[in-house]
Amino acid sequence: MGQLKLIAALLVSFCVLLPLTHAVSKDVSYCDKNADYAVKVTGLDINPYPIARGKPASFNIAATTGESITGGKLVIDVSYFGWHIHSENHDLCSETSCPVSIGDFVVAHSQELPGYTPPGSYSLKMKMYDANKQELTCITFDFDIGFAASVADS
């Protein structure tokens, strides 16, 4: 009977804690609420969540398009408590399979943040451009970097 209670307690703990390590954000906003972007973002998945300093993190952005995309770039700007702290550019075809066909697709980016990255709340703005430098979409979302460093970092 004691083992059954222990197994039940571990199962409940697993079910409660597992969702805390993975986030599907519903708080993605378009930069211009009145714009009719060619690419519509349908979801955001960040894993792990909150992001751990010095560990890989993945950002998967689900989207849909009504036109084929042969290439382009992503422009990413990151702010920390309202202060712009980082910019980077990525070839769109290195973050998704090109050409992108009409319909659903995923932009996937993985990155390891340095162990000295300050914990807290960050904001990210991502603009997607096609090969002709036309803006296809622009989104913003917030994410958190955890306060605790991993055991391996200590």
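In the block above lies the structure referred to throughout.
Summarised in this report is the structure supplied together with it. (Residues numbered from 1 in each chain as written. Predicted model: local features only at pLDDT ≥ 70, side-chain atom pairs only at ≥ 80, totals over all residues. Heavy atoms only, no water.)

## Considerations on the layout of surface pockets
Worth spelling out the cut-off: Each cavity reported here is a set of points on a 1 Å grid over the protein atoms alone in which a 1.4 Å probe fits but cannot get out, each pocket an open set with protein on both sides within 12 Å along at least five of seven lines, and each lining residue one with an atom within 4 Å of a point. Grid points are joined across faces, edges and corners, and a volume is the space filled by probe spheres set on the points. Each helix corresponds to a stretch of at least 4 residues labelled H or I by DSSP, and each strand to a stretch of at least 2 residues labelled E; elements are numbered beginning at the N terminus.
Its boundaries defined by the atoms lining it, the largest pocket holds a volume of some 460 Å³. Lining the largest pocket are 25 residues, with V78, H86, Q111, L113 and F143 positioned closest to its centre. Secondary-structure elements contributing two or more residues to the lining of the largest pocket are β4 (56–65), β5 (72–80), β6 (83–91), β7 (103–112), β8 (120–130) and β9 (135–145).

## What to know about the nonpolar core
This is how the line gets drawn: Think of a nonpolar core as a cluster: buried Ala, Val, Leu, Ile, Met, Phe, Trp, Tyr and Cys residues, connected wherever their side-chain atoms sit within 4.5 Å. Accessible area is worked out with a 1.4 Å probe on protein chains only. A residue is then buried under 20% of its type maximum, exposed over 50%, and partly exposed in between. Here, residues are in contact when the closest pair of their heavy atoms is within 4.5 Å.
With 27 residues, the main nonpolar core has I51, M126, M128, F141 and F143 as its most contacted residues. With five residues, the top contributor of residues to this core is β9. Apart from the residues lying within four places of it in its own chain, the contact partners of M128 are V39, K73, L74, L92, F105, V107, Q134, E135, L136 and T137.

## Examining the pairing of β5
We count it as follows: Only strands joined by at least two bridges in the DSSP assignment are considered to pair.
Relative to β8, β5 is paired through nine bridges, and the arrangement is antiparallel. Bridge pairing links D77 to K125 in β8. Inspection of the sheet shows β5 paired to β6 by eight bridges, in the antiparallel sense. Its bridge partner lying in β6, L74 is registered against H90. Between β5 and β6, which pair antiparallel one after the other, the connecting turn spans two residues, and F81 there sits at a positive phi close to 50°.

## Notes on the packing of aromatic side chains
Rules: Put simply, two rings from Phe, Tyr or Trp (the six-membered ring, in Trp's case) pair if the centres are within 6.5 Å, and we call them stacked under 30 degrees between planes, edge-to-face over 60, tilted for the rest.
Per the stated rule, a full pass over the model turns up seven aromatic pairs. For the ring pair F59 and F141, a centre distance of 6.3 Å and an interplane angle of 40° mean the geometry is tilted. Within this pair, whereas F59 is found in strand β4, its partner F141 is found in strand β9, the two being separated by 82 residues in sequence. Assessed through its relative accessible area of 13%, F59 is described here as buried. With 6.4 Å between their ring centres and 50° between their planes, F141 and F143 make a pair best called tilted. Aromatic rings pair up to connect F59, Y80, F81, Y122, F141 and F143 into one cluster.

## Some words on unusual backbone geometry
Excluding glycine, residues mostly have negative phi values, and the peptide bonds linking residues are mostly trans. For the bond running from N47 to P48, omega is 0°, close enough to zero to count as cis. Following the sequence through the fold, P48 ends up in the loop between β3 (39–47) and β4. Residue P50 is bonded to the preceding Y49 through a cis peptide linkage, with omega at -5°. For P50, the position within the fold is in the loop between β3 and β4. Unlike most non-glycine residues, F81 shows phi in positive territory, near 50°. Along the chain, the position of F81 falls in the loop between β5 and β6. A residue is classified by how much of its surface remains accessible, and F81, at 59% relative accessible area, is exposed. Located in the positive-phi region is K133, a residue other than glycine, with phi close to 65°. Locating K133 in the fold gives a position in the loop between β8 and β9.

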